[in-house]
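Residue-level structural notes
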Amino acid sequence: MNRNKCIANIKAGYLFPEVAKRRREYAQAHPDAKIISLGIGNTTEPILPHIDRGLTEGAAKLATFEGYSGYQDEGIAELRERISKVFYKGQFGIDEIFISDGAKCDIGRLQLMFGAQTPAAVQDPSYPVYVDGSVLIGAGGGWEDSGYKGITYLPCTAENDYFPDLSALKPNCLIYFCSPNNPTGAVAGREQLAVLVRAAQKNGSFIIFDAAYSEYIRDSGLPKSIFEIDEAKTCAIEVNSFSKPAGFTGVRLGWTVVSKELKYSGGESVNADWSRIASTVFNGASNISQAGGMAALDSEGLAEIRKLSDFYLGNARLIRNVLVKAGIVCTGGDNSPYIWARFPGRDSWEVFTEILEKCQVITTPGSGFGPSGQSFIRFSAFGHRADVEEACERLKKL
Ligand code: PLP
């Protein structure tokens with residue numbers, strides 16, 4: 001059996017295993033060090049009581065004749081309806097909302113659906129799955145000396161307000177766009193998203209809009225969904241998740257919106273293809289998770305989502321304040337749980353090592369998110385408050 005060449009094409013180890021490896025090595029060399037992680041975006045706080053009751057009651061129902069359920073393919077209708085109402089003012093029918101086991105898993109399945117012939121464009125820096133998953137399916141062609149030719153990197157820097165120049169877009173490509181952004185914490189404004197939609201329409205491309213952090217937006221003027229923009233239904237798919245707002249990183253629950261108005265250039269329905277993919281290589285999200293999702297989206301659950309995201313935003317404020325006081329230029333941390341800190345002229349992994357050695361704090365090197373992340377460090381606000389406070393004390397040494 002020969003190895004899949006596309007796997008060999010993935011450049012280095014996935015970013016977070018590499019961070020974990022370096023943490024392990026440091027811990028082995030310094031067994032007494034109390035390392036604090038502000039690195040990986042994994043949630044740390046317990047699920048709040050009302051949402052937890054939804055999960056436990058969902059599990060209990062499975063032990064009854066009346067409440068038992070098996071496969072539910074595209075998700076329970078009530079949850080799809082509630083998602084449409086809560087997040088999209090009811091503008092989507094239940095057959096346009098697909099429940100999943102998480103946004104990352106759906107991104108992988110979308111990559112499978114669009115296949116090897118479709119090139120990709122990504123914000124640079126961006127969540128690594130867009131690039132690595134595209135390379136894995138051989139999206140848009142193979143390697144050239146200059147890099148992977150099927151992927152266009154769209155630099156997002158302080159100079160362009162973290163919104164890319166879209167003139168570099170190739171026709172007929174998938175544009176991955178994440179707002180609030182992981183890792184920069186930047187949130188695109190309404191006019192910027194309108195520019196993105198127009199650019200996609202103009203060159204026959206689709207947008208994969210990743211709104212996994214939308215519940216962290218506090219500025220009421222900022223859009224939480226691509227579907228707040230006119231005509232986005234004809235050129236965008238949105239993925240979203242219960243992971244970061246409800247603490248479901250381990251529970252696993254997300255959704256994808258594919259409007260029936262979304263059509264390929266030949267007029268075929270993308271919604272019908274997505275339904276086919278969902279029933280071919282996926283068998284639906286856990287019915288227990290979905291019961292938790294139902295609880296998360298009633299009034300008590302939404303209040304808990306607000307409380308939990310407020311807590312992490314409180315952490316973000318502490319981290320940002322300490323960095324700004326140290327004279328470090330930062331973005332994010334106000335409408336997002338990530339703070340993007342700039343260390344001009346420095347190599348990201350070198351700064352990562354310096355912070356680990358001086359402060360015993362784990363961060364994520366910006367260069368791991370793309371070439372424009374060089375000289376940046378991402379600080380994550382996911383942590384227990386006492387750990388974040390302790391980490392902030394130590395970061396004063398920088
Ligand atoms: N999208 C972004 C931008 C993320 O940062 C993450 C997780 O860190 C995910 C998606 C993954 O979401 P899920 O847990 O629903 O798979």
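Scroll up to find the structure.
An account of the accompanying structure is given in this report.

Turning our attention to the overall build of the protein chain. When you go through the protein chain residue by residue, the secondary structure sums to 13 helices and 15 strands. The C-alpha radius of gyration computed for the protein chain amounts to 21 Å, which stays within 12% of the reference 21 Å derived for 398 residues, consistent with globular compactness. Based on the C-alpha atoms only, the size of the protein chain along its principal axes is roughly 55 × 55 × 50 Å. Looking at the protein chain as a whole, 54% of its 398 residues are labelled buried. Taking as baseline every contact in the protein chain between residues at least 6 positions apart, the subset at least 24 positions apart corresponds to 72%. As presented, the protein chain carries roughly 17,300 Å² of accessible surface, and 53% of it is formed by carbon and sulfur atoms. Side-chain charges of the protein chain comprise 42 positive and 46 negative groups, with the mean position of each set lying 3 Å from the other.

In this section: the packing of helix H3 (residues 49-61) against helix H10 (residues 287-296). A pair of packed helices is characterised by two quantities: the angle between their axes and the separation of those axes. At a closest axis distance of 7 Å, the pairing of H3 and H10 adopts a crossing angle of 145 degrees. Seen along the crossing, H3 lies across H10 with a hand that is right-handed. Of H10, the residues touching H3 (which contributes His 50, Ile 51, Gly 54, Leu 55, Gly 58 and Ala 59) are Ile 288, Ser 289, Ala 291, Gly 292, Ala 295 and Ala 296. Class assignment of the residues belonging to the contact of H3 with H10 gives a composition of seven nonpolar, five polar and no charged.

Moving on, we get to the site of the ligand. Inspection of the region around the ligand gives 14 residues, with Ala 103, Asp 210, Tyr 213, Ser 241 and Ser 243 positioned closest. In this structure, an oxygen atom belonging to the ligand sits 2.9 Å away from a main-chain N or O atom of Lys 104. When the ligand is considered free in solution it has 400 Å² of accessible area, and contact with the protein chains removes 92% of it. Elements with a contribution of two residues or more to the shell around the ligand: helix H5 (103-114) and helix H8 (243-246). Here the residues of the shell around the ligand are counted per class, giving six nonpolar, four polar and four charged.

A few words on helix H4 (residues 77-88). A rise of 1.5 Å per residue sets the reference length of H4, with its twelve residues, at 16 Å; its end C-alpha atoms lie 16 Å apart and thus fit the reference within 8%. Of the residues making up H4, those classed as buried are Leu 79, Arg 80, Ile 83, Ser 84 and Tyr 88. All buried residues of H4 lie within an arc of 140 degrees about the axis, which places them on one face of the element. Away from its buried face, by an angle of more than 90 degrees, H4 presents the exposed residues Glu 81 and Lys 85. Those residues of H4 that are buried lie in contact with strand S2 (97-100), strand S9 (236-241), strand S10 (254-257) and H10. Backbone geometry just downstream of H4 places Lys 89 in the positive-phi region, at approximately 50 degrees.

What follows deals with the sheet that holds strand S11 (residues 329-332). Taken in spatial order, the four strands line up as S11-S12-S15-S14 in an open sheet, and their pairing is antiparallel. Strand pairing shows two members of the sheet lacking a second neighbour, S11 and strand S14 (364-365), which therefore form its edges. Here strand S12 (residues 338-342) runs beside strand S15 (residues 376-380); their pairing, made up of five bridges, is antiparallel. If you follow Arg 342 over to S15, its bridge partner there is Phe 376.

Now for the packing of helix H11 (residues 299-325) against helix H13 (residues 385-395). As a packed pair, H11 and H13 sit with axes 9 Å apart at the nearest point and diverge in direction by 10 degrees. Taken together, the axes of H11 and H13 lie roughly parallel to each other. Of H13, the residues touching H11 (which contributes Phe 311, Gly 314, Asn 315, Leu 318, Ile 319 and Val 322) are Arg 385, Val 388, Glu 389, Cys 392 and Leu 395. In terms of residue class, the contact of H11 with H13 is made up of seven nonpolar, two polar and two charged.

Below, the discussion takes up the packing of aromatic side chains. Counting across every chain of the model gives 25 aromatic pairs. On the basis of an interplanar angle of 55 degrees and a centroid distance of 5.9 Å, the ring pair of Phe 163 and Phe 177 is categorised as tilted. Within this pair, whereas Phe 163 is found in the loop between strand S6 (151-155) and strand S7 (174-178), its partner Phe 177 is found in strand S7, the two being separated by 14 residues in sequence. Taken individually, Phe 163 and Phe 177 each receive the classification buried, so the pair is uniform in this respect. Ring centres of Phe 177 and Phe 209 lie 6.3 Å apart, and the angle between their planes is 10 degrees; on these two criteria the pair is classed as stacked. Of this pair, Phe 177 sits in strand S7 while Phe 209 sits in strand S8 (residues 206-210), placing them 32 residues apart in sequence. Phe 209 carries the same exposure label as Phe 177, and that label is buried.

Another aspect to go through is the pattern of salt bridges. In the structure shown here, the tally under the stated rule is 18 salt bridges. A salt bridge links Arg 80 to Glu 74, with the nearest nitrogen and oxygen atoms 3.6 Å apart. Arg 80 sits in the buried class, given a relative accessible area of 8%. Each member of the salt-bridge network shares a partner with another, and the members are Glu 18, Lys 21, Arg 22 and Glu 25.

Criteria and cut-off values
Residues numbered from 1 in each chain as written. Predicted model: local features only at pLDDT ≥ 70, side-chain atom pairs only at ≥ 80, totals over all residues. Heavy atoms only, no water. Helix = DSSP H or I, 4+ residues; strand = E, 2+ residues; numbered from the N terminus. Rg over C-alpha atoms; globule rule 2.2 N^0.38 Å. Buried < 20%, exposed > 50% of the residue type's maximum accessible area, 1.4 Å probe, protein only. Contact = heavy atoms within 4.5 Å. Areas by Shrake-Rupley, 256 points an atom, 1.4 Å probe, with all protein chains shown as cover. Lys, Arg positive; Asp, Glu negative; His and termini not counted. Charge placed at Lys NZ, Arg CZ, Asp CG, Glu CD. Axes fitted to C-alpha atoms, helices over the stretch in contact; angles between N-to-C directions. Left-handed = near helix turned anticlockwise from the far one by under 90°. Nonpolar A, V, L, I, M, F, W, Y, C, P; charged D, E, K, R; others polar. Near = heavy atom within 4 Å. Polar contact = N/O pair within 3.5 Å; in protein donor to acceptor, adjacent residues only side chain to side chain. Expected span 1.5 Å × (residues − 1). Arc of directions from axis to C-beta. Pairing = 2+ DSSP bridges. Parallel < 35°, antiparallel > 145°, perpendicular 65-115°, else oblique. Phe/Tyr/Trp six-rings, centres within 6.5 Å; stacked < 30°, edge-to-face > 60°. Salt bridge = Lys/Arg side-chain N within 4 Å of Asp/Glu carboxyl O.

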